[in-house]
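Summary of the model geometry
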Amino acid sequence: MEAYKAFPPETLESICKVLGEQNTGSQITHYLAQIGIQDTDPGITKWKRLYNAFAHYQNTYKRSNKILNFIQSTLRPIRYADNNELYESYRRDINKRLLFLGFELQENGRYRKTLEAKTITEADSRADSLKQKLKDREVHNDVLKFCRAELLQDNYFHAVFETAKSVADKIREKSELTLDGSALIDKAFALGKAKMPLLAFNTLQTETEESEHKGFVYLAKGLFGMFRNTTAHVPKIQWKIEEKDALDCLSLASMLHRKLDKCVRTGY
């Protein structure tokens, strides 16, 4: 396993304050033991207790791996299954610290490596600006949740990528298919000889409704082809996305989400 460098004292302190608020004393005892970090001062304030335990570990092993494991264990999504808002709040607070170290804890509870942040203020400002512009457009709530500071830390690359993925996820949920990309859209919305697709958002009784259905298919394939497929296979540094492009992409995804909300299985 790769050895990750020790956290700077000031970053470690900031992380411990978030974790101390998030966990009870007994939970701290449990997770320290589970991860294998010595609980050096069990009788003191929670965040200071964590700081001393983490600092002792780092001083001994010159790495931060088990601290990252501790954070990941305490922020497992299943712990917050009944309170996603609280989970996202803690995850956002942790990521504001981890981004300075080149890490991000994703929504699924797994880490990804990213560029080390220069300032969180810049990312927060960018996220707030984009979100407000999208609210002015009255975009779908399933799109707004991807306008987070950690996704916009470098540019709009990951927000666009994750939003495109969310459209595919909803199609799979509605259709109960396991395909992806164009194959998923074709299987879920193909009219076939009987002109009866697996999913439909109108009655398909008129030429206009049939044209609308086909138009949705073309738009969804266009979203995947231009944004999702490109961002999935091209390094971020080679494919810059400006704010105006991100706004258009997210608005398109919003329209697709609204149509998908109306979709029902035809029984075909």
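It should be noted that the structure appears before, not after, this text.
Residues numbered from 1 in each chain as written. Predicted model: local features only at pLDDT ≥ 70, side-chain atom pairs only at ≥ 80, totals over all residues. Heavy atoms only, no water.

1. Some thoughts on the nonpolar core
- One finds Leu130, Leu134, Val167, Ile171, Phe189 and Leu223 to be the most contacted residues of the largest nonpolar core, which totals 39 residues.
- Only helix H6 (120-136), helix H7 (141-144), helix H8 (157-175), helix H9 (181-189), helix H10 (207-233) and helix H11 (243-262) provide two or more residues apiece to this core.
- No other element matches H11, which puts seven residues into this core.
- Grouped together as the second largest cluster of nonpolar side chains are 29 residues, Phe7, Leu12, Leu75 and Leu101 included. (Core = buried A, V, L, I, M, F, W, Y, C linked by side-chain atoms within 4.5 Å. Buried < 20%, exposed > 50% of the residue type's maximum accessible area, 1.4 Å probe, protein only. Helix = DSSP H or I, 4+ residues; strand = E, 2+ residues; numbered from the N terminus.)

2. Some thoughts on helix H4 (residues 65-74)
- With seven of 10 residues buried, H4 lies mostly within the body of the structure.
- Regarding H4, the residues found buried are Asn65, Ile67, Leu68, Phe70, Ile71, Ser73 and Thr74.
- Close packing links the buried residues of H4 with helix H1 (9-22), helix H2 (25-35), helix H3 (46-61), helix H5 (84-98), strand S1 (103-105) and strand S2 (111-113). (Contact = heavy atoms within 4.5 Å.)

3. Some details on the side chain of Asn202
- Tracing the backbone shows Asn202 in the loop between strand S3 (199-200) and H10.
- Judged by relative accessible area, which is 16%, Asn202 ranks as buried.
- Only 3.1 Å separates the side chain of Asn202 from the backbone oxygen of Glu209, close enough to count as a polar contact.
- In terms of polar contacts, Asn202 uses its side chain to reach the side chain of Glu212, at 3.1 Å.
- The residues touching Asn202, leaving out its near neighbours within four places in the chain, are Glu209, Glu212 and His213. (Polar contact = N/O pair within 3.5 Å; in protein donor to acceptor, adjacent residues only side chain to side chain.)

4. Details of the environment of Thr24
- Along the polypeptide, Thr24 turns up in the loop between H1 and H2.
- Separated by 74 residues in the primary sequence, Thr24 and Leu98 have C-alpha atoms spaced 22 Å apart.

5. Brief notes about the pattern of salt bridges
- This model, assessed by the stated rule, comprises 14 salt bridges.
- A salt bridge links Glu243 to Lys133; its shortest N-O distance comes to 2.5 Å. Taken as a pair, Glu243 in helix H11 and Lys133 in helix H6 lie far apart in primary sequence, 110 residues in all.
- Lys133 sits in the partly exposed class, given a relative accessible area of 33%.
- By sharing partners, the salt bridges in this structure join Asp142, Lys170 and Asp261 into a single network. (Salt bridge = Lys/Arg side-chain N within 4 Å of Asp/Glu carboxyl O.)

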